[in-house]
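Topology and contacts: notes
Each chain, written out:
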Amino acid sequence: MNDHMHQTQSFDTYETAWCPGCGNFSILPCLQKALTQLNLDPHHVLMVAGIGQAAKTPQYISANGFCGLHGRALPPAIAAKIANEKLTVIVETGEGDSYGEGGNHFIHNIRRNVDITHFVHDNQIYGLTKGQASPTSEIGHVTGVQTNGNINQPLNPVFLALAAGAGFVARAFSGDQKQLVQIMMDAIQYPGYALVDILQPCISFNKVNTFASYKDRVQPLTDSHDPTDFSQAVQAATQTGEQIPTGIFYRVEKPTFHTRHPVLADHSPLIEQTCDPSRIKDLIQSFV
Amino acid sequence: MNDHMHQTQSFDTYETAWCPGCGNFSILPCLQKALTQLNLDPHHVLMVAGIGQAAKTPQYISANGFCGLHGRALPPAIAAKIANEKLTVIVETGEGDSYGEGGNHFIHNIRRNVDITHFVHDNQIYGLTKGQASPTSEIGHVTGVQTNGNINQPLNPVFLALAAGAGFVARAFSGDQKQLVQIMMDAIQYPGYALVDILQPCISFNKVNTFASYKDRVQPLTDSHDPTDFSQAVQAATQTGEQIPTGIFYRVEKPTFHTRHPVLADHSPLIEQTCDPSRIKDLIQSFV
Amino acid sequence: MTVNVLIGGAAGQGIDTAAAILEKILKQAGYHVFTVRDFMSRIRGGHNFIQIRFGSEPVHSHTHNLDLILALNEETISLHQAELSDNGLIVCDSTTHADDSRLLPLPLNEISKKLGNPRVAGSVAIGTLMALFGLSPELANPVLPSFLNEKYISINQKAVAEGYKLAQQRWSVPSGSCQDWMILSGNKALALGALAAGLKFYAAYPMSPSTGIMEYLAEQSTHCGIVVEQAEDEIAAINMAIGASFAGVRSMTGTSGGGFSLMVEALGLAGITETPLVVVDVQRPGPATGLPTRTEQSDLKFVVSASQGEFPRLVIAMRHHQDLFYQTIRAFNLAERYQIPVILLSDQYLADASATVLPFSLDNLTIETPVQPPEDISDYKRYQITESGVSPRVIPGDPRFLTTADSDEHDEWGRITESAEVRNQMVDKRMRKLDGLKRELEEPELIGDESCDILLVGWGSMYGPLQEAVATLNQEGQHHPGCVSALVFSDIFPLPTKRLTHIAGQARLIVNVEQNATGQIAGLIREYTGLACGRSLLKYDGRQMTGEEIVAGIRKIREVAYE
Amino acid sequence: MTVNVLIGGAAGQGIDTAAAILEKILKQAGYHVFTVRDFMSRIRGGHNFIQIRFGSEPVHSHTHNLDLILALNEETISLHQAELSDNGLIVCDSTTHADDSRLLPLPLNEISKKLGNPRVAGSVAIGTLMALFGLSPELANPVLPSFLNEKYISINQKAVAEGYKLAQQRWSVPSGSCQDWMILSGNKALALGALAAGLKFYAAYPMSPSTGIMEYLAEQSTHCGIVVEQAEDEIAAINMAIGASFAGVRSMTGTSGGGFSLMVEALGLAGITETPLVVVDVQRPGPATGLPTRTEQSDLKFVVSASQGEFPRLVIAMRHHQDLFYQTIRAFNLAERYQIPVILLSDQYLADASATVLPFSLDNLTIETPVQPPEDISDYKRYQITESGVSPRVIPGDPRFLTTADSDEHDEWGRITESAEVRNQMVDKRMRKLDGLKRELEEPELIGDESCDILLVGWGSMYGPLQEAVATLNQEGQHHPGCVSALVFSDIFPLPTKRLTHIAGQARLIVNVEQNATGQIAGLIREYTGLACGRSLLKYDGRQMTGEEIVAGIRKIREVAYE
Ligand SMILES: Cc1ncc(C[n+]2csc(CCOP(=O)(O)OP(=O)(O)O)c2C)c(N)n1
Ligand SMILES: Cc1ncc(C[n+]2csc(CCOP(=O)(O)OP(=O)(O)O)c2C)c(N)n1
Ligand code: SF4
Ligand code: SF4
Ligand SMILES: [Mg+2]
Ligand SMILES: [Mg+2]
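Residues numbered from 1 in each chain as written. Chains lettered and ligands numbered in written order. Predicted model: local features only at pLDDT ≥ 70, side-chain atom pairs only at ≥ 80, totals over all residues. Heavy atoms only, no water.

Turning our eyes to something else, we now look at the overall build of chain A. The number of helices and strands found in chain A is 10 helices and eight strands. A compact globule built from 288 residues would reach a C-alpha radius of gyration of about 19 Å, and chain A, at 20 Å, matches this within 12%. Overall size of chain A, expressed as C-alpha extent along the three principal axes, is 70 × 50 × 40 Å. Residue pairs at least 24 apart in sequence account for 69% of intrachain contacts in chain A once pairs closer than 6 positions are excluded. Here chain A has roughly 9,200 Å² of accessible surface; of this, 49% comes from carbon and sulfur atoms. Distance between charge centroids for chain A: 3 Å, based on 18 positive and 25 negative side chains. (Helix = DSSP H or I, 4+ residues; strand = E, 2+ residues; numbered from the N terminus. Rg over C-alpha atoms; globule rule 2.2 N^0.38 Å. Contact = heavy atoms within 4.5 Å. Areas by Shrake-Rupley, 256 points an atom, 1.4 Å probe, with all protein chains shown as cover. Lys, Arg positive; Asp, Glu negative; His and termini not counted. Charge placed at Lys NZ, Arg CZ, Asp CG, Glu CD.)

What follows is the structure in structure tokens.
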């Protein structure tokens, strides 16, 4: 039995603490598949999360993992990538974590465009804390805290990411694994910050946005959708009504943090750079 | 000499600690004018800010004032409005305060749509801390911290507010006082959360976005712009190039927090509601 | 005599509802009840258990000596059979495999299936337990409706009746007189206290084990006319609470240690703007995420000095359900009287524990309002330098005066200043509030006699276990060598020192008993009295110490000290 | 003998550059220099001043006894003339109106206008001051280029030369030997220490008075190959620093108390994930925004217990510019050796003060790297239970092993656990690191003799003023009644107690001398040694105590105690 995540050879998955039937169970194997098909080495992959049900993902797959604080997945993730660009850094966490407590990091890391991938398990509810409204919960959704129904407009993460300037923005559904694997692979390969908002049924606490209700409404973007056309992306993102479009809304290359940073661009990874002591001596001398 | 802000009769202004020539000096009298023209009573106005140069505004006008923590202007502001809807609550603070440290409150309070007004003095720089890049600083802007030029994409506050679901979104320029007063009045009168991003030259630390550079580029939206049309608003907000459109990009009524909240809608202000002790006794009894 | 029942199963098996029903039935039968909850941080599966202890005399805490186990899965048996007394019983479904002579396998699932709903097995078991305890089967009828959806009431009633037939009376516990008492969880007791104190605005972000406070307040939102707002984060929550309080309504925020960490800066904002504020920290084991659903008392030192700079604050630790109600009311009044932040320290143990208490009384309830400036003044100073340190507080909207608050140092009118002289005056003024505050601190409760050889000191939820421990330890008589008393602090910062120094002066040894690893109250005591705790009993595995564990620990200490 | 010069004017008048040039010239002349800066929290206007004190012997702090005032506006004169010695001088422009016999009005503005740039008046004044101090006018030439844009160098040289002609030598101060020393601000000394320690990643959010650290590091970013990232808030800053450290590069964050408040939760994250981390808190007066550009030592108790739960940490207070460099290097190594967060407490006084110091030496510089697991193991445990509490730390990317960190309690492999047993082991393991850490704590520095009547205790930046105070107080002789020594702590938490208890045992009275209102180190001392400080000298108006103020305070105490 190797239950300790030392499997550096392949992306094994481990026993989870999720509820039987949870949408998370469909996402984990997609991640595994995407990583495997991309031929990545587990020891070069770093999975980062905050706290929540989705945020346990790094505990369930054999790769390097960092589960930090609730809401604070992005800052350590981008910093780890800055420290060592050889790592494939993937943030995988909940929508409460990403857009609620962590909302400020969300918009500002889009601005940085560090080359990481952000998978958000969007179950439109706070799962681990037993079912309060999340930033994407619908108006009227009744919970133990929103006892008269949620009255705050839900965020549209896909639109928000576009408005904040993200270069790769997608939506997926845990129930469409084929599409999800492909989007995951594309997102990981995209050079820059890539957001995938993954609709994920929470069978324990979200009785509004169920598997069936998603299944009926999701609708992959058609081939006519041009993901390099910003206005098409905005239009798809703001589409209201019964259908929920899925797929890659927008994908254009933008200069990344690394390519723009004088210390990182065209240099070896930060972790491999050393500063010659003579340079420190120069600085000391500059004060004499 | 009444320098103590007890003037409950009129919106007097006071000696400031701003740099001579600062754009803030043009904004303060516009605020005074807007408040006066709206015939508001100073004692029914609450000015709220965080910390920064712009955030000193509540100290400079005779109204009630609350200057809280850096980045945290919106939470006390919306709570004060919830507590007492008779107050006209105006947040007036910097863009670092509003979109940087306070970014999470920005997007989530748009969701709440509490009836407050948010004036952001957007000088594209951190003024009070002596000139570091702010969330709206341009790529390449060199400062004491961005020594090789800012490499993070600037936020577009107007677009971001639209994407987050704001019902009133405007941009103004401190150099166009006539327009600014009118927008301020419209924003204050709008029932719901209203954002006005005000371009404001910082003569001490922002040598890139100067009065002249704004003056040359700002361009009021024409009459053909329909502020009730979301796609026009998005188009104007995403306009790139030499011109910077100003004016009201978007204005539609949306249900406010108060109208949606069962305890606030069609009731007297929260501060005037009292809970009969018999109701507490009922609750006690419910555990017997 | 108390009986101690454990109900165990996986998350999602409904042990929570079963326990809630059973404890209420027991209370209706007149018993004193104390129930503790042990949950894992997961929604389904894993192992959870609840212990209900009841008897004719007040029960203050839990114990590991079980009389009966209701096992909804096999893991419950293997994990807990060692704690079961020799003549105890394990009630379980007939299909359960377990090697234990005390097993009482019953067709719980079969009956529930027959009744048409496999989820009523818990009610069948409740019926059986009622029979074992010799309770009248009718007691269940008025109770079930409060916990069940209307359409499930009758089937559950039938289930209880069927279960009742499965067993005979086995225990005969003399009845107490708690029929007309309340039974409720700690979180609800605190929330109720806040409502009684006139709470109008509560902002919080969900966080175990504090979420129950928000849920109860939200449930009563329209009944009591209060606004409960889920914030985007804890920073927003506390800044909202401050804004609402500044605008004139009583407000509160609540969280656990992690959320409190994010509130630290705004605590100082309440301090310097002198805005009344009540903040609840329902402690759980740290650091960081730690053990989210378990208990600890490790935030004491953190909260007494949280935030940059210096300002007066009051910290009150909750000892029991009465404190959770009455001290919460008092907290609001002291926050208003001194215009300071008051921090209420609860913990998961109390928050999730339910207890029988005399119905809370509103008889002596007073609700303080902001001190007003004299009617005839024309120059209102929000931060007027006064002897008490407390200044008149006008609420925005008052046609007489405008009011300004600033997180920068300010003068008497609330305007920013950099004057050294004014700075000194303002610090001194704020700090002077401590003089008044200290005069009305409540001394710790003494359990046992003033004269004792060993003085135990504890705080907050250690009250119940200490109560039990002192009773047991002094069975050997109070006045012999090694006799024990305990002081349990509720007001804890500023630390009331009178009673402590008085009693400690006569004791041979002070032992601090705390649910943390570093002995935090011992540190405070040393700092503020010079007294040293010679020994410590500390626990930090997330599970509350029992009276017996304290007894065992003290006996060991006594052996060494008095050999 | 020292000479004390004050340069005063409004914000924006360029007194900062003038002072920087003058202090460097003085150092080049061989003098020991200590410069303090007093700024208002505004960009233009108001009243700012800088005091440059120099002499042939080491200067440790500032004083209010002025020898010369360079007044760029009239306010400077009215505010400071009372501090000027009777035979002092006030250098000012001829147009200045002031009623003071010590006025030396000179055509500073006229000359600068003649030279073609009204902004070089400061350089004219520098020339005059050089003449008054009898310095060779050539000294300015190599200095000006470091502070001025190339195109302004020659006009400023001319200005200095013109100014030089305006006065005659008035002071003759014997020269020191500091020509080859450094002169730099406290913030830069700290930043330099971090660079020497191998810093690779610095994330911070601007906040006075810490911003200078970020600015200096950013300036050297490409020279040293480090990444300096301005975070969206302080929460991001510290979480970034933790992420970078986890990924294997040395990282740091810095802020002042308000920003530190926002970092509190993540401090616990570093604690439980055992990620090495250095956090700088450059203190300023609180609470909340307080006095943003002034000094205080009021975050001590806050930082020693910040964050929920319990975990080992080290807090080091900076006493002087040597500490700011060497202790910073040591902080990185101890953070790595024990895998803990280390907090560096500086303050505005030190941060903005410049001082002459011997060039920092890199001779004994060692840079510790993460402890590695044995080569031959197959089952790598990141959180292996060890006797020292320190476990092997593999960096992600290592082909041998994967590594996982979690803010939840975890087992040896870093996997989430709820086991009581593992929880105990993990708390104990983490806490055991304190044993090793405590063994290598540095005892406080003793100023004066081991045997003393009155023992002053201070920490951090109180070092300089205490140094001066003890020297003055003991002019009357060290061994007479009421003689004074001082202990000044740098390592401050865990509190090193050996030297303190040893010396305190012989003293009649302990007096804590601190820049805060509540006497924070006195509290720590009481808690960890039982020793009580009988008297306190406290200041909290945002302006650093001088040696003379301490002397006056101690003389008063002595009078009472030894009357
Ligand atoms: C600072 C802080 N606040 C609150 C919490 C409690 N908390 C843990 S997970 C969570 C919400 C999780 O929701 P989401 O991110 O959507 O994840 P899900 O469980 O739905 O997958 C909350 C509020 C915490 N751990 N830390
Ligand atoms: C928690 C915290 N972090 C940082 C600061 C320091 N600070 C004060 S104002 C400011 C930036 C102000 O920029 P902006 O909001 O754009 O206002 P401006 O001065 O440009 O008007 C900062 C970083 C602070 N006071 N509190
Ligand atoms: S609570 Fe919801 S999201 Fe969490 S594991 Fe269960 S079903 Fe999944
Ligand atoms: S620093 Fe800039 S924003 Fe601040 S007052 Fe001066 S000019 Fe205005
Ligand atoms: Mg969720
Ligand atoms: Mg700004």
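When its secondary structure is counted, chain C shows 19 helices and 21 strands. A compact globule built from 563 residues would reach a C-alpha radius of gyration of about 24 Å, and chain C, at 26 Å, matches this within 12%. Projected onto the principal axes, the alpha-carbon positions of chain C cover approximately 80 × 65 × 40 Å. Here chain C holds 563 residues, and the buried ones make up 71% of them. Of all intrachain contacts in chain C linking residues separated by at least 6 positions in sequence, the fraction that spans at least 24 positions is 74%. When the accessible surface of chain C is totalled, it reaches about 17,100 Å², and 48% of it is carbon and sulfur. (Buried < 20%, exposed > 50% of the residue type's maximum accessible area, 1.4 Å probe, protein only.)

A few words now on the pairing of strand E4 (residues 117-122) of chain A. Residue and element names in this part refer to chain A. When you tally the buried positions in E4, you get six out of six residues, the bulk of the element. Side chains Thr117, Phe119 and His121 project from E4 onto one buried face, and the interleaved His118, Val120 and Asp122 project onto a second face that is buried too. Bridging between E4 and strand E6 (residues 194-199) involves six bridges; their strand directions are parallel. From the neighbouring strand, Asp122 faces E6, where its bridge partner is Leu199. (Pairing = 2+ DSSP bridges.)

The next point concerns the interface of chain D and chain B. On the side of chain B, 30 residues touch chain D, which itself brings 22 residues to the contact. Around 1,900 Å² of area is buried between chain D and chain B when both sides are counted, 52% of it from carbon and sulfur atoms. Per-residue buried area on chain D facing chain B is highest for Ile43, Arg44 and Gln230 of chain D; these three make up 31% of the total on that side. At the junction of chain D and chain B, the tally comes to zero salt bridges. (Buried area = accessible area lost by both parts, 1.4 Å probe. Salt bridge = Lys/Arg side-chain N within 4 Å of Asp/Glu carboxyl O.)

Taken as a whole, chain C shows an average pLDDT of 95; of its residues, 99% reach a score of 70 or greater. Overall fold confidence for the complex sits at a pTM of 0.98, while the interface term, ipTM, reaches 0.98. (pLDDT = per-residue confidence, 0-100.)

Let us look at the interface of chain D and chain A. Interface size, as often reported, equals the accessible area lost upon joining of the parts. Listed as interface residues are 67 residues of chain D and, on the opposing side, 58 residues of chain A. Contact with chain A buries surface across chain D, with Glu232, Leu402 and Arg415 of chain D losing the most and accounting together for 16% of the total. The tally of links from chain D across to chain A stands at two salt bridges. One salt bridge in this structure joins Arg112 of chain A and Glu232 of chain D, with 2.8 Å as the shortest N-O distance.

Residue and element names in this part refer to chain A. Looking at the metal site, the magnesium ion (ligand 5) is ligated by Glu95 (OE), Asn123 (OD1) and Ile125 (O), spaced 2.1 to 2.3 Å from it. Read in sequence order, the donor residues coordinating the magnesium ion (ligand 5) give the pattern E-x27-N-x1-I. Highlighted residues: Glu95 in helix H3 (residues 95-101) and Ile125 in the loop between E4 and helix H5 (157-164), separated in sequence by 30 residues. In this pair, the class of Glu95 matches that of Ile125, namely buried. (Donors = N, O, S within 2.8 Å, 3.2 Å for Na, K, Ca; no water.)

Right, let's get into the nonpolar core. Phe106 of chain A, Phe106 of chain B, Ile492 of chain C together with Ile492 of chain D are the most contacted members of the largest nonpolar core, which totals 212 residues. Filtering out sequence-adjacent residues up to four positions away, Phe106 of chain A remains in contact with Leu74, Ser98, Tyr99, His118, Pro157, Leu160, Ala161, Tyr193 and Leu195 of chain A. Of all hydrophobic cores here, the second largest spans 58 residues; its members include Ile284 of chain A together with Leu192, Met318 and Ala351 of chain D. (Core = buried A, V, L, I, M, F, W, Y, C linked by side-chain atoms within 4.5 Å.)

All residues adjacent to ligand 4 are Trp18, Cys19, Cys22, Asn24, Gln53, Asn123, Gln200, Cys202, Ile203, Ser204 and Phe205 of chain B together with Ile43 of chain D. Site remark: ligand 4 is flanked by residues from chains B and D. Here the shell around ligand 4 is composed, by residue class, of seven nonpolar, five polar and no charged. (Near = heavy atom within 4 Å. Nonpolar A, V, L, I, M, F, W, Y, C, P; charged D, E, K, R; others polar.)

A separate point is unusual backbone geometry. Cis peptide bonds are those with omega within 30 degrees of zero, and the linkage from Ser208 of chain C to Pro209 of chain C qualifies with -5°. Relative to the helices and strands, Pro209 of chain C is located in the loop between strand E8 (201-204) and helix H8 (211-219). Between Phe493 of chain C and the following residue, Pro494 of chain C, the backbone shows a cis peptide bond with an omega angle of 0°. Inspection of the secondary structure assignment puts Pro494 of chain C in the loop between strand E19 (491-493) and helix H17 (498-504). Of note in this structure, Asn113 of chain B is not a glycine but carries a positive phi near 55°. Summarising the element assignment, Asn113 of chain B is placed in the loop between helix H4 (103-112) and strand E4 (117-122). Residue Gln339 of chain D is not a glycine yet carries a positive backbone phi of 55°.

This brings us to the packing of helix H10 (residues 234-246) of chain D against helix H11 (residues 257-273) of chain D. Residues and elements named next belong to chain D. Where H10 meets H11, the closest approach of the two axes is 8 Å, and the angle between their N-to-C directions is 30°. The angle between H10 and H11 places the two elements in the roughly parallel class. Of the two possible hands of crossing, H10 and H11 adopt the one that is right-handed. Where H10 abuts H11, its residues Glu234, Ile235, Ala237, Ile238, Asn239 and Ile242 lie against Gly259, Leu262, Met263, Ala266, Leu267, Leu269 and Ala270. Across the contact of H10 with H11, the residue classes break down as 10 nonpolar, two polar and one charged. (Axes fitted to C-alpha atoms, helices over the stretch in contact; angles between N-to-C directions. Parallel < 35°, antiparallel > 145°, perpendicular 65-115°, else oblique. Left-handed = near helix turned anticlockwise from the far one by under 90°.)

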